[in-house]
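Observations on the model geometry
Here's the letter readout for the chains.
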Amino acid sequence: MAQPFRTAEGGRIDRSRSLAFTFDGREMRGHPGDTLASALLANGNRLVGRSFKYHRPRGLLAAGGEEPNGLVRLRRGGRAEPNVRATLAELYDGLTAESQNRWPSLNFDLGAVTGLATPLFPAGFYYKTFMWPPAWWPAYEGVIRRMAGLGRAPAAADPDRYDHRHDHCDVLVVGGGPAGLAAAQWAARTGARVILADEGSEFGGSLLSGNESLDGKPAMAWAERILAELAAAGNVHLLPRTTVSGYYDHNYLGMLERVADHLAEPADNQPRQRLWKVRAGQVVLATGALERPLVFADNDRPGVMLASAAQSYVNRYGVRPGDRAVLVGNNDSAYPAALDLAAAGVRVAALVDLRPEAHLDWLARLDEQGIEVMAGRAVTGVEGRDGVRGVRIAKLSDDGKGIVGGVGREVECDLLCMSGGWTPSLHLFSQSGGKLLWDEGLASFRPGEAVQAVRVVGAAAGRFDLTACLAAGAEAGNAAANDSGHRRRGRGPRRPTAEEMPPPLAARPMFLIPGGRGKRFVDFQEDVTAADLQLAVREGYRSVEHVKRYTTAGMGTDQGRTTNVNALGVVAQELDVSVPEVGHTTFRPPFSPVTFGALAGRQVGELLDPLRRTPMHGWHQANGAVFEPVGQWLRPYYYPAPGEDMQAAVNREVKAARHSLAVMDATTLGKIDIQGPDAAEFLNRVYTNGWKALKVGSCRYGLMLGEEGMVMDDGVTARLGEGHFHMTTTTGNAASVLAWLENWSQTEWPELRVYCNSCTEHWAVVSISGPNARKLMAELCDDVDLSPEAFPFMTWRQGTVAGLPARIFRVSFTGELSYEINVPAGCGLNLWQTVLAAGEKYGITPFGTEAMHVLRAEVGFIIVGQETDGTVTPLDLGMDWIVSRKKDFLGKRSLSRSDTARDDRPQLVGLLTEDPNLRVPEGAQLIPGSDPRPPVASQGHVTSSYESPNLGRTFAMGLLQGGGERHGEVVHVAFDGRAAPATVTAPRFFDPEGSRARG
Amino acid sequence: MAERRIRHSPLAHLHLAARVVVDPGDAGARMSERPPRAQLAVRGDSGDKAFVAAFKAGLGFSPPLAANTVVTHDGLAVFWLGPSEWLLVGEVPGEQLAAALADRHHALVDVSDSRIAIGLSGPRARDVLAKLCPLDLAAPALAPGRCAGTILARGHMLLHVLAEDSYDIHVHRSFADYAWRMLEDAALEYGVAVIDGGG
C-alpha cells in the first residue's frame, strides 16, 4: 500500500505488518508502532483539524502529548471519544477517526469565514459582544457553543469498563526517559518498592526519537537493558501508557493508565482505562522538556511543526513529515534535526538561525550535507493556506525587534521546523507546591525549592546533556530510595557515557518574531494570537492570571504546554518588564485530560452508591414494592396492587392501618445500645427532656438539639436495665447521631461512664399497626401478657414472637395501636412472613413510607428533615412540653438567644385548604394576601402535604410566622402563579386525644 | 412457643451455592460466603489494668491491645477495633465474660447478626482488594494475622488478613450485597471462582 511519506527503512515500526485505518472516511494504512499522527503523515495527510475560534486549517505541531492541533474523535458509537490527541493514539487495525470542529468537511469549512471577520473576535470578544440584553444570554450561549468548542461527546452509553486502583510505593518515578530509567534502576537496586510510569507506549522518552549513543552503542540498547532488569525485579512496577495527571498533598498522585486504548476493543472484562491513586514515599520527576514554537506570522499553517517533532517522525516512526524542509531556531536544536531529516531523505533547503552567528561546529556538519545556514535571520511569513508552500526569510535588526534590509527572500518548502528553545515540564512539580525559578539562559522556568518529598531530574530540571541527565537520574533514584529507608548493598550500576556533542551556544530568547502580516499564534488550541495578548495588556490587564482568563491563553485541554512561556514573554514585552516580574500562572490538575469514565470507575449503575437492603428486601421486591432511597437504604415507598396508582395504593394502606391491620418494615431505624452506670445522666444531657426517672421496661420519646438549639434528631429510647438503654434514631441520621454521642462522651464528658454501640444492623424490625394489632400479637406470642394494663403504651417487653427471641416495643408512629417487634436480623424475613400469614384474616396490609408519612401527619407527628431543616427549634414546633426547664441539655442556652426566643418565628401549624380536594405542593410559600405576583413577602412554607382517606380531604402542615397564635386565620398558599386560601389550624388532624395508640 | 430460628443470609438472593466450584482453575480470585458466626461487641478501657485482667480472665487468654491485631484461640477471633473496643467472632464465651467483667465498667452487646464475612483469596486477591481499599495492603501492619477497620469502596469493612493471598472481609449485613458485587466486579478482570466458604 502506498504510504508516500514512509522512509525506506528505520524507525520503531513493524514494517512486516500493515494496519488499515480511516480518517474522515478515507482508508489508509500504517504499521504497528505508528500513532494515528505518524500514520496520517506517512499517507501524506497533513490537514488534521480546524482551529477552535477561526476554523483555520491545522496540521500536526508536535509528535507527543503536547499536541494542540491534532485532536480527533476516535472510534464510533458509545466508544467514540472526542479530543483524542492523534500523537498519542496508537494505531490498531480498523481504527476510525474523524476530524473535529469543521462543517461540512475538513477541506471546506464554512466556519472559516469567521477568520475573515477577525476584527469581530478580539481577545475577550464574548465579554464584549454578548452582553445585552440579559434575556438573550441563553441564546448567546447557544451561538458560542455551536461556533466554538472542541469535539462532541457521544450520545450512546459507553460499553466499556473503567477501573480504579490504589497503590503505595517508596519511590514513584514519573517519566521513562534516560533520567527516569536511571532513577528507577538505582532506586530498585536498593530493594525499594518502585513504580515507573510513562505516558508513552514505550519507555525510552527522548531516546526513542533521537539517535544518540551510550558507550558507543545505540542509546536504546542501554534503555532496553535497564527495562529488562526492572521487569525482572520483583520490587518494580512498570506502567507504560500511564499519565501522571495530578500531584496532591502528602505525595498523593493520580495517574491514568490507558489499559486498552491501543486495542480495537478491550478483551473480556478488561478495563479500558484505570485510574491509579498512588501514595508515594518519594517522587522523582523526570518529565522532560517540551520544545517551544516560535511566534511569527502564520506560524500555524499545516506543515509548520516543532523541530523535535520532525526528528521524532523520521527517527521513531520512519515518516518524512515533508519533502523539502526549512528549519528555524534560536538555539542549537534545529541543527541535529536538520541532519536527521537529511539522513531520512528530506531535502533541507535552509537552516535559519535567529542568533547573529551560527554554531560553527554544527555549521561544518551541515555544510557536509550541503545545507545552507542563514544566521541573524528569521522566518517572517509562510506561504500557503492549507499547507506550507514556502517561507519568507528576512534579516533581523540587532535588537531583534525589527526587520532590516527589505522583506527578505522566499524559499520554497513544504515543511517548516521550528525551535524556540525548551520548556522544562514542571506542571507536576508546580502542582506539588514546588516553586519555579526563571532561568535567563533557558528563557524558561526551572524547578526551585520543593515543598514535598520530590526531586526533579533531567531535562525537566533544565539539563540537556545526556551523560549529566543519566548521572542526575541515578543520584536522585538512589537518594529517594535512601530517604525512604532503603540502602543498596555493594556498588551501584555502571554509569554510561554519551558521545561528545558540540558545546552548546547560548540561545537567543525571542518571544515575538517581527515582520509579516499574518496572525502570530501563541496558543494554537485556544486560537490566541500575540495581538490578543497585547490587546489585553493595552486594555489594562496586568496580572498574568487575568490576561490568561481574558484571552484564554493556556486554558485548552493541552494546558498550554507549548504556550505558556511564549505568552509570558509577549506579555512581559508589552508591559516592558522582565518575565519573572510577570510571574507565571498556577498549574492545576489534571496535567492531561482524564475521562469521566475513568473518574467514575466502577461506581456506575447499580454500584454508584451502596444500596442498603433490609432482610425483607427480597420480599418487597417480589411483591411489587416501589422503592424510595432513604439515606443509603432502599425502603418500600408503597405497594401498588395491579392497576393501582400511587394515591390509590397509599390510601388503601392508610385505611388498613386505621381500620384493621397494617405492617411495615422498620428495620432501617437507627439503633444504639447505650450502657454504663452514667447512661441515664448521659441521655439527660443529650435529650431535651428528663430521663433519670424513666422506669426499666419503659420507653420515652426524645428530641436532640444541636448546640445552636435546632432540632437535630428524634426517636424513642427504651430503658432495658438500670444502666442500659436502647436508643432509636431516624434512618438517615443513625451514623451521625452515634458520632455525635461518641464526640460528647469521649471529648467533653469523659467522666461519664457510658459506652455507645451501634446495633442497627443486628435487629430486623417489623412494625404492626392498627386496631387488630393486639389480636395478632396474641397469636404470635404466648410468653408476654399483652393486656393494656400489663403491657401499656410506651413500654417494652422481652418475649418470644413467632418462635423468635424478640424485644417488643409498644410505641406508635402511626397513632394506632402498634408493636415494633425486634428480632435478630437473620430472622427478619422469617418473622415478616409469619406475621403476614397470621394477619391474613385481618386483611393485613404492608405499607410503605408514604402511607407512614400520611398516618403520622394525621396525628401531628413531625419528621426531622421534613418539618425541620436545621433552623427549627422545638418551640417552633410547639413542642415546649418536651423541653425541660429544670435540667441542662445540649442546645439549651441557644433557646434563650433573642432570635430563637422571639415569638414571631416560623412556627408549625396545620393548613386546611378551602378546596378540600386541593393538595398544595410541599415547599410552596405561605403569603398573607391573595395576589401571588412578586414581589410578595413570604411568611413561611408548606412542609408536608397529603390526601387523607380518613379525613376525606387534603391537609398540610407548614411553618408560618407567629403561626402558634394564628389558628383560625386564613393565609394563602402560593404556587404555579395562584394563591390558594387555607385555614390555619393546630397541627393535628385526627384523634386529637391520642387515645387510639394508647388503647 | 419454642424457639424456631431460621436464619436467612443477606446474600441468599445471589444464589451463590449454585455457583460453587470445587476446582477454581486459573481464576485469579476466589470468593466465598463464610458461615454465620456469633459476634459480640466488647467495650472497656484498655488503660484500666483491672478491666484488661478481667477481660483476659473471661476469655481465658490475653486480648489484643495493639492496633491492627487479632488474637485467635480455639475457634474464637478477638479483633482489636480501638482502644476501648473489640469484636469477638466465633465461639463467644458470653456468660463467662459477663461474669468476669461484672465489677468493671464495660459493655457487651450481642451483634451476631450485624455482619457477615466474605472470603477472598487467590493469586490476585490483593489486587482485587487494592481496587476498593486505600490502605497499603503490603504494609507490615497488614501482615497475615492482622486486621483493619477500613473502607471497601463506599462502604466499611473489617479486614482480616488470613494469609498472604487470603482475606476475610467482614461487612455489615445491609451492605453485604453491595460488598459482594463490588468485589466480584473488581475481580472480573482476573477471573472469579465462587468456592465453598467452610462449614
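Residues numbered from 1 in each chain as written. Chains lettered and ligands numbered in written order. Predicted model: local features only at pLDDT ≥ 70, side-chain atom pairs only at ≥ 80, totals over all residues. Heavy atoms only, no water.

Details of the overall build of chain B
The secondary structure content of chain B amounts to four helices and eleven strands. Over its C-alpha trace chain B gives a radius of gyration of 18 Å, about what one expects of a compact globule, namely 16 Å for 199 residues. For chain B, the spread of C-alpha atoms along the three principal axes comes to 55 × 50 × 30 Å. Contacts spanning at least 24 positions in sequence make up 63% of the contacts within chain B whose residues lie at least 6 apart. Total accessible area on chain B stands at roughly 8300 Å², and carbon and sulfur atoms take up 53% of it. Treating the 19 positive side-chain charges of chain B as one cloud and the 23 negative ones as another, the clouds have centres 3 Å apart. (Helix = DSSP H or I, 4+ residues; strand = E, 2+ residues; numbered from the N terminus. Rg over C-alpha atoms; globule rule 2.2 N^0.38 Å. Contact = heavy atoms within 4.5 Å. Areas by Shrake-Rupley, 256 points an atom, 1.4 Å probe, with all protein chains shown as cover. Lys, Arg positive; Asp, Glu negative; His and termini not counted. Charge placed at Lys NZ, Arg CZ, Asp CG, Glu CD.)

Some details on helix α6 (residues 219-232) of chain A
All names here are of chain A. Its 14 residues place the ends of α6 20 Å apart at the C-alpha level, agreeing with the 20 Å of an ideal helix rising 1.5 Å per residue. Restricting attention to buried positions, one finds in α6 the residues Ala219, Met220, Trp222, Ala223, Ile226, Leu227 and Leu230. Viewed along the axis of α6, the buried residues span an arc of 150°, placing them on a single side of the element. Away from its buried face, by an angle of more than 90 degrees, α6 presents the exposed residues Arg225 and Ala232. (Expected span 1.5 Å × (residues − 1). Buried < 20%, exposed > 50% of the residue type's maximum accessible area, 1.4 Å probe, protein only. Arc of directions from axis to C-beta.)

Observations concerning the interface of chain B and chain A
Contacts between the two partners involve 49 residues from chain B and, on the opposite side, 52 residues from chain A. For the pair chain B and chain A, the two sides together bury roughly 4400 Å², of which 52% comes from carbon and sulfur. Taken together, chain B and chain A are joined by nine salt bridges. Between chain B and chain A we count 28 residue pairs in polar contact (both at pLDDT 80 or more) in total. When contributions to the side of chain B that touches chain A are tallied by element, the ones reaching two or more residues are β2 (39-43), β6 (107-110), α3 (125-132) and α4 (176-187) of chain B. (Buried area = accessible area lost by both parts, 1.4 Å probe. Salt bridge = Lys/Arg side-chain N within 4 Å of Asp/Glu carboxyl O. Polar contact = N/O pair within 3.5 Å; in protein donor to acceptor, adjacent residues only side chain to side chain.)

Thoughts on the sheet that holds strand β3 (residues 70-73) of chain B
Two pairing modes exist for strands in a sheet, parallel and antiparallel, and in both the strands are linked by backbone hydrogen bonds. All names here are of chain B. Reading across the sheet, the five strands line up as β3-β4-β5-β2-β6 and stay open at both edges, with antiparallel pairing between neighbours. The sheet terminates laterally at β3 and β6, the two strands that pair on one side only. Each strand of the sheet is rotated relative to its neighbour by a mean of 20°, with strand direction disregarded. Where helix α1 (residues 49-59) meets the sheet, it contacts β2, β4 (76-82) and β5 (85-90), and its direction lies at approximately 0° from that of β5. (Pairing = 2+ DSSP bridges. Axes fitted to C-alpha atoms, helices over the stretch in contact; angles between N-to-C directions.)

Quick notes on the environment of A:Arg385
All names here are of chain A. With respect to the helices and strands, Arg385 occurs in the loop between β21 (377-383) and β22 (390-396). Among the residues examined, Arg385 registers a relative accessible area of 43% and is labelled partly exposed. The sequence separation of Arg385 and Arg56 amounts to 329 residues, and the corresponding C-alpha distance is 8.7 Å.

Some thoughts on the nonpolar core
Burial of nonpolar side chains together is a common tendency in soluble globular proteins. All names here are of chain A. One finds Leu36, Tyr313, Leu341 and Val391 to be the most contacted residues of the largest nonpolar core, which totals 80 residues. Aside from chain neighbours lying at most four places away, what touches Tyr313 is Ala37, Ser38, Leu41, Leu60, Ala62, Ala63, Thr87, Met305, Gly318, Val319 and Pro321. One finds Val244, Ala280, Val522 and Leu533 within the second-largest nonpolar core, a separate group that totals 48 residues. (Core = buried A, V, L, I, M, F, W, Y, C linked by side-chain atoms within 4.5 Å.)

Quick look at the domain arrangement of chain B
Residues and elements named next belong to chain B. Domain parsing of chain B yields domain 1 (13-36 + 114-194) and domain 2 (39-110). Listed as interface residues are nine residues of domain 1 and, on the opposing side, ten residues of domain 2. A buried area of about 830 Å², summed over both sides, lies between domain 1 and domain 2, and 60% of it is on carbon and sulfur atoms. A per-residue breakdown of the area domain 1 buries against domain 2 is headed by Arg115, Cys147 and Leu158, which together make up 52% of the total. For the interface between domain 1 and domain 2, the tally reads zero salt bridges. (Domains from an automatic or database assignment.)

Topic: the sheet that holds β22(A)
All names here are of chain A. Spatially, the three strands line up as an open sheet ordered β21-β22-β23, and their pairing is antiparallel. With one partner strand each, in any of the chains shown, β21 and β23 (403-412) form the two edges of the open sheet. Strand-to-strand twist of the sheet, defined as the mean angle between neighbouring strand axes without regard to direction, takes the value 25°. As judged from the six bridges shared by β22 and β23, these two strands associate in the antiparallel manner. Bridge pairing in β23 links Lys395 to Val404.

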